[in-house]
Amino acid sequence: MTSQPTPPMPAPMPTPAPTCSRCGRPRDTDQLAALAWVSERDERGGLSWLCPDCARTHVRDIEGKLDQSWW
Ligand SMILES: [Zn+2]
């Protein structure tokens, strides 16, 4: 009786881990943590990611700019 070689498992698609566009931190593999990441369309139509920490800072920046234009 010959043991048949098991067919190789199809390799899971290697998804490029997004990194924070500000601090370069790789996105958390944990799904819950990854949810806190913010995706943004950049000028070239690409998708850029911000880690929760940078997103918070970023939002503050935007609000700061908004405040200035509002006055
Ligand atoms: Zn970051």
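Parameters and conventions
- Residues numbered from 1 in each chain as written.
- Predicted model: local features only at pLDDT ≥ 70, side-chain atom pairs only at ≥ 80, totals over all residues.
- Helix = DSSP H or I, 4+ residues; strand = E, 2+ residues; numbered from the N terminus.
- Buried ≥ 20, exposed ≤ 12 C-beta atoms within 10 Å, placed from the backbone.
- Contact = placed C-beta atoms within 7 Å.
- Pairing = 2+ DSSP bridges.
- pLDDT = per-residue confidence, 0-100.

## Things to note about the overall build of the protein chain
Here is step 1 of the chain: In terms of helices and strands, the protein chain carries two helices and two strands.
Here is step 2 of the chain: Across the protein chain, helices and strands are ordered from the amino to the carboxyl terminus as α-β-β-α.
Here is step 3 of the chain: Expressed as a percentage of its 71 residues, the buried residues of the protein chain come to 4%.
Here is step 4 of the chain: Contacts in the protein chain between residues far apart in sequence, at least 24 positions, make up 37% of those at least 6 positions apart.

## With respect to the pairing of strand 1 (residues 38–41)
Here is step 1 of the chain: The pairing of strand 1 with strand 2 (residues 47–50) spans four bridges and is classified as antiparallel. Directly across from E40, in strand 2, lies its bridge partner S48.

## Thoughts on the environment of L35
Here is step 1 of the chain: Within the fold, L35 resides in helix 1 (residues 31–35).
Here is step 2 of the chain: Owing to 9 C-beta atoms within 10 Å, L35 belongs among the exposed residues under this scheme.
Here is step 3 of the chain: Considering only alpha carbons, one finds L35 and P52, 17 residues apart in sequence, at a separation of 9.1 Å.

## Quick word on the confidence of the model for the protein chain
Here is step 1 of the chain: When pLDDT is averaged along the protein chain, the result is 81, and 83% of the positions lie at 70 or above.
Here is step 2 of the chain: The lowest-confidence element of the protein chain is helix 2 (residues 52–70), averaging 78 in pLDDT; the highest-confidence one is strand 2, averaging 89.

## Things to note about the environment of S48
Here is step 1 of the chain: Among the structural elements, S48 can be located in strand 2.
Here is step 2 of the chain: Residue classification places S48 among the partly exposed positions, given that 16 C-beta atoms sit within 10 Å.
Here is step 3 of the chain: Sequence spacing of S48 and S21 is 27 residues, and the spatial spacing of their C-alpha atoms is 6.0 Å.
Here is step 4 of the chain: Excluding residues that lie within four positions of it along the chain, S48 makes contacts with S21, E40 and D42.

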